[in-house]
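Overview (structure and organization)
If you want the building blocks of each chain, they are given just below.
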Amino acid sequence: MGVRRTARELALQAIYQHDITGDPPPKLAQDLHRRHHGEVDAEALSFAAALVRAVLDHRDELDRLIEAAAENWRMERMAVIDRSILRLGSAQLLHLRGEVPPRVAIDEAIELAKRYGDDGSGRFVNGVLDRIYRESNP
């Protein structure tokens, strides 16, 4: 698995953890490094930390955009894993544009949704992120 894909999976774990436990960012970073130090490339850990920071620093904005793009779905009604993947994908689309091409951000989020979500997660994530991308790039 590539460095960036590994980083996205690690970031997803931390974002999911934050959503479930409410752990503060320093604890998330500490847990990420403690669990994976030595077994995961330092570049992957660094990129994962940047992804988590982008999500947590802009969470309110991301949630508003996700909720607007996911017609008839409130954030609290979404599956936690889908919500976490959408936050991760939209953070890359909006706040890491220079580092992650939009199509890559969307495709990687779809792959995470297929792997960790239910049968409809891939389509749901694709639709929401595609709409966010289109509306943020008129």
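The paragraphs below set out a description of the structure included in this document.

What counts and what doesn't
- Residues numbered from 1 in each chain as written.
- Predicted model: local features only at pLDDT ≥ 70, side-chain atom pairs only at ≥ 80, totals over all residues.
- Heavy atoms only, no water.
- Helix = DSSP H or I, 4+ residues; strand = E, 2+ residues; numbered from the N terminus.
- Rg over C-alpha atoms; globule rule 2.2 N^0.38 Å.
- Contact = heavy atoms within 4.5 Å.
- Areas by Shrake-Rupley, 256 points an atom, 1.4 Å probe, with all protein chains shown as cover.
- Lys, Arg positive; Asp, Glu negative; His and termini not counted.
- Charge placed at Lys NZ, Arg CZ, Asp CG, Glu CD.
- Phe/Tyr/Trp six-rings, centres within 6.5 Å; stacked < 30°, edge-to-face > 60°.
- Lys NZ or Arg CZ within 6 Å of the ring centre and 35° of its normal.

Let's talk about the overall build of the chain
A tally of helices and strands in the chain yields 7 helices and 0 strands. The C-alpha atoms of the chain give a radius of gyration of 14 Å, which matches the 14 Å a tight globule of 138 residues would have. Across its three principal axes, the chain shows a C-alpha extent of roughly 40 × 30 × 30 Å. Taking the intrachain contacts of the chain between residues at least 6 apart in sequence as the baseline, contacts between residues at least 24 apart amount to 70%. When the accessible area of the chain is evaluated, it comes to approximately 7300 Å², of which 49% is carbon and sulfur surface. In the chain, the 20 positive side-chain charges and the 23 negative ones have mean positions that sit 1 Å from each other.

Some words on the packing of aromatic side chains
Taken as a whole, this structure holds 1 aromatic pair when the rule is applied. The ring of Phe47 carries the charged tip of Arg4 above its face, separated from the ring centre by 4.0 Å. The ring of Trp73 is capped by Arg77, whose NZ or CZ atom sits 4.8 Å from the centre of that ring.

So, to be careful, I would describe these as geometric facts and stop short of saying anything about function.
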